Amino acid sequence: WLHFGPFWEFRLWNSYAASPEHPLLLQENKNQEEDDFCANLTKKIEERNYKMLSHGGSHVPVRMGVIVLGCAAALVAMLSLSKTDVIGSPFTHVAVRSNYLRPSGAALLGRRSRSNLACRSAAEIKAITKQSMDVLKQKTEGTPMGPMVQILEGFMNEYADTNIQANTPASKYQEIVSQSMMLMGDALAKPHQFEILHRAIREPFDYYRWGVEFFRPLIELETSKIHGVENLAKVVDYIEKGENVILLSNHQTEVDPQAIEILLENSGCSLASELIFVAGHKVTTDPLAIPFSLGQNLLCIHSKKYIENPPEKKAEKQAHNTKTMKKMQSLLEDGGTFLWVAPSGGRDRPDPETREFVVAPFDDRSVQMFRLMAQKAKMASGKKTHFFPMAMLTHELVPPPDGIKAAVGEKRSAKRGAANIWFGDEVTEAQDEGLSNKQKQAKFYEDVVSQVDDKYNSMKDARFNQLQTMSEQKA
């Protein structure tokens, strides 16, 4: 009654019988036994696997725990048919009472089988999440990390729901959660100390790939898109020629790096893992963000929003930023540097009245600083730097809190949604000799900001219409 597939996957016989070769038509109403089976599956899996999860076991015992439950469910499916309904062997031709032979019968069985499979997968995912968090809470009990673990638990519960929506196989979810609990546990116990320039750690453990795969279920790829692909092609060409590219972008969520990388990878762009992100202190000091930051190329800096908090650390932070700028200058002089920066100094926030996200104002001094560094690099080494505005609409994934605070340990969400990015047209230095240097600076800044605002609003309007159409279709 059970089909043994790869990685100890088990499928109930009634799912097997739904194939065209075995057109068994079930009654429309689910019986109570099947409902009880789905409702109690999470609890049963927890009881069978707690000990193994507590000792870092693999997902195989979880699968083995489903054997008995699967047999019971198969028996329920068999008993749900009266003795007069089925004639012959279930693995040969099956005859069904004539009153079941209606046009909707086969479709009904398919829906019912898929529903049962989804129920079992969802129950497993929730059980894996609960048991993994229980183990982590036990290991950190009585330590200062208690509040962080509570934040992580809320995030992981929502992450589980998101993976259920994304139809992530329980075996895949088990693998990624097992890795995540280990990495986050290590970060809580002994946070990594980042250098000014951090290069992504790819071995012996590939933090980059793990981070990308962790956040992939959050992105609805069918509603996500890269706009301005013709400008992306120019970016690739410049980097391949050894020239520099700086993306001047708005910033909406902690997972913006992974969102960019996932969309670039899906578009076939080979530069996804080459990007260097100018990163604020939170992503390098928050224990829950550290494992993901280890998989990114980072230039670590203190944002202007927090440089005076606390006041006694201001001089130290300024000295750190000076070293970071020198390192960035060196990278531009070397050439072939692909850099992403948010001149706003932080993430966008919702408008207090409309509750709609708006692009945070770009700091003019930051934009001009990068412009001057590019000019200096060209004079020093001949390496040219190209500037491309980038607009990002990603706040549906892991939206930031409403307020702005310097302390680490903010609550996090893990919703599933669309991620859209737009590569704007290259912004170049004004060549009009009649303009003063100050006027050229103002034009450069205005060209960058206007493109980001315009492209962002276009994506926002398109997303609104998309959601409205989906809502009407669902209704």
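Residues numbered from 1 in each chain as written. Predicted model: local features only at pLDDT ≥ 70, side-chain atom pairs only at ≥ 80, totals over all residues. Heavy atoms only, no water.

(A) Broad picture of the overall build of the chain. A count of helical and extended segments in the chain gives 14 helices and 12 strands. In the chain, buried positions account for 49% of the 475 residues. Long-range contacts, defined as pairs at least 24 residues apart, comprise 79% of the intrachain contacts of the chain with a sequence gap of at least 6. For the chain, the exposed surface amounts to about 23500 Å²; the carbon and sulfur share of it is 55%. (Helix = DSSP H or I, 4+ residues; strand = E, 2+ residues; numbered from the N terminus. Buried < 20%, exposed > 50% of the residue type's maximum accessible area, 1.4 Å probe, protein only. Contact = heavy atoms within 4.5 Å. Areas by Shrake-Rupley, 256 points an atom, 1.4 Å probe, with all protein chains shown as cover.)

(B) Region of the structure containing helix H9 (residues 256-266). The buried fraction of H9 amounts to 9 of the 11 residues, a majority that puts the element mostly inside the structure. The complete set of buried residues in H9 reads Asp256, Pro257, Gln258, Ala259, Ile260, Glu261, Ile262, Leu263 and Leu264. Looking one or two places after H9, you find Gly268, whose phi comes out positive at around 90°.

(C) Quick peek at the pattern of salt bridges. A complete count under the given rule lists 21 salt bridges for this structure. With its nearest N and O atoms 2.9 Å apart, the salt bridge here joins Arg209 to Glu265. Placement of Arg209 in helix H7 (residues 207-215) and of Glu265 in helix H9 is noted, with a sequence separation of 56 residues between them. Looking at Glu265, the relative accessible area reads 24%, which means it is partly exposed. Between Lys313 and Glu316 there is a salt bridge, with its nearest N and O atoms 3.6 Å apart. For Glu316, a relative accessible area of 53% gives the class exposed. The network of salt bridges with common partners includes Lys130, Asp134, Lys137 and Glu153. (Salt bridge = Lys/Arg side-chain N within 4 Å of Asp/Glu carboxyl O.)

(D) Representation of the sheet that holds strand S5 (residues 244-249) in the model. Reading across from one edge, S3-S7-S6-S8-S5-S11-S12-S4 is the order of the 8 strands in this open sheet, with mixed pairing throughout. Strands at the two margins of the open sheet, each flanked by one partner only, are strand S3 (197-198) and strand S4 (225-227). The sheet contact formed by strand S6 (residues 276-279) and strand S8 (residues 338-341) spans 2 bridges and is parallel. The partner of Ile276 across the bridge, within S8, is Leu339. Its contacts with the sheet place helix H8 (residues 229-240) against S4, S5, S8, strand S11 (385-393) and strand S12 (420-423), and it is angled at close to 140° to S11. (Pairing = 2+ DSSP bridges. Axes fitted to C-alpha atoms, helices over the stretch in contact; angles between N-to-C directions.)

(E) A look at the nonpolar core. One finds Leu152, Met156, Tyr159, Phe214, Leu247, Trp340 and Phe423 to be the most contacted residues of the largest nonpolar core, which totals 68 residues. Those residues in contact with Tyr159, other than ones at most four positions away along the chain, are Tyr173, Ile176, Phe214, Pro217, Leu218 and Ala414. Within the second largest apolar cluster, 33 residues are counted, among which are Leu248, Leu299, Met328 and Val359. (Core = buried A, V, L, I, M, F, W, Y, C linked by side-chain atoms within 4.5 Å.)

(F) Region of the structure containing the pairing of S5. The element S5 is extensively covered by neighbouring structure, given that 6 of its 6 residues are classed as buried. Side chains of S5 alternate between two faces, with Asn244, Ile246 and Leu248 and Val245, Leu247 and Ser249 buried alike. Bridging between S5 and S11 involves 6 bridges; their strand directions are parallel. What sits directly across from Ser249, in S11, is Met390. Inspection of the sheet shows S5 paired to S8 by 4 bridges, in the parallel sense. Residue pairing for S8: Ile246 is matched across the bridge by Leu339.

(G) Region of the structure containing the packing of helix H12 (residues 314-334) against helix H13 (residues 364-381). The geometry of H12 relative to H13 is characterised by a closest axis approach of 9 Å and an angle of 50° between their N-to-C directions. Regarding the angle of H12 to H13, the classification is oblique. Every pair of crossing elements has a handedness; the one defined by H12 and H13 is right-handed. Here H12 contributes Met325, Met328, Gln329, Leu332 and Glu333 to the contact with H13, which in turn contributes Met369, Phe370, Met373, Ala374, Lys376, Ala377, Ala380 and Ser381. (Parallel < 35°, antiparallel > 145°, perpendicular 65-115°, else oblique. Left-handed = near helix turned anticlockwise from the far one by under 90°.)

(H) Structural detail: empty space enclosed by the protein. If you walk through the whole model with that rule in mind, you get 2 cavities of 30 Å³ or more. Its volume calculated, the second largest cavity comes out at about 30 Å³. In this structure, the second largest cavity is lined by Phe215, Leu218, Ile219, Val255, Gln258, Ala259, Ile262 and Leu397. Broken down by element, the lining of the second largest cavity gets its largest block of residues, 3 residues, from H9. Looking at the lining of the second largest cavity residue by residue, the class counts come to 7 nonpolar, 1 polar and no charged. (1 Å grid on protein atoms, 1.4 Å probe; cavity = no way out; pocket = protein on both sides within 12 Å on 5 of 7 lines; lining within 4 Å. Points joined across faces, edges and corners; volume = space filled by probe spheres on them. Nonpolar A, V, L, I, M, F, W, Y, C, P; charged D, E, K, R; others polar.)

(I) Region of the structure containing the packing of H7 against H9. At a minimum axis separation of 9 Å, H7 and H9 run at an interaxial angle of 90°. When the axis of H7 is compared with that of H9, the two are roughly perpendicular. Residues Tyr208, Arg209, Gly211, Val212 and Phe215 of H7 form the contact with H9, whose own contacting residues are Gln258, Glu261, Ile262 and Glu265. For the contact of H7 with H9, the class distribution of residues is 4 nonpolar, 2 polar and 3 charged.

(J) How the structure looks around the confidence of the model for the chain. Residue-level pLDDT values for the chain average 80, and 73% of them are 70 or greater. Under a pLDDT of 50 for its full length, residues 1-35 has, in the predicted model, 81 contacts with residues more than four places off or in other chains. (pLDDT = per-residue confidence, 0-100.)

(K) Structural detail: the packing of aromatic side chains. A complete count under the given rule lists 13 aromatic pairs for this structure. Ring geometry for Tyr159 against Phe214: centres 4.2 Å apart, planes inclined by 5°, an arrangement best described as stacked. Of this pair, Tyr159 sits in helix H5 (residues 146-165) while Phe214 sits in helix H7, placing them 55 residues apart in sequence. One exposure class covers both Tyr159 and Phe214, and it is buried. (Phe/Tyr/Trp six-rings, centres within 6.5 Å; stacked < 30°, edge-to-face > 60°.)

(L) Focus on unusual backbone geometry. Of note, the amide linkage connecting Glu203 to Pro204 takes the cis form, showing an omega dihedral of 0°. Along the chain, the position of Pro204 falls in the loop between S3 and H7. The residue after Asn309, namely Pro310, is reached through a cis peptide bond having omega 0°. On the secondary structure map, Pro310 appears in the loop between strand S7 (297-300) and H12.

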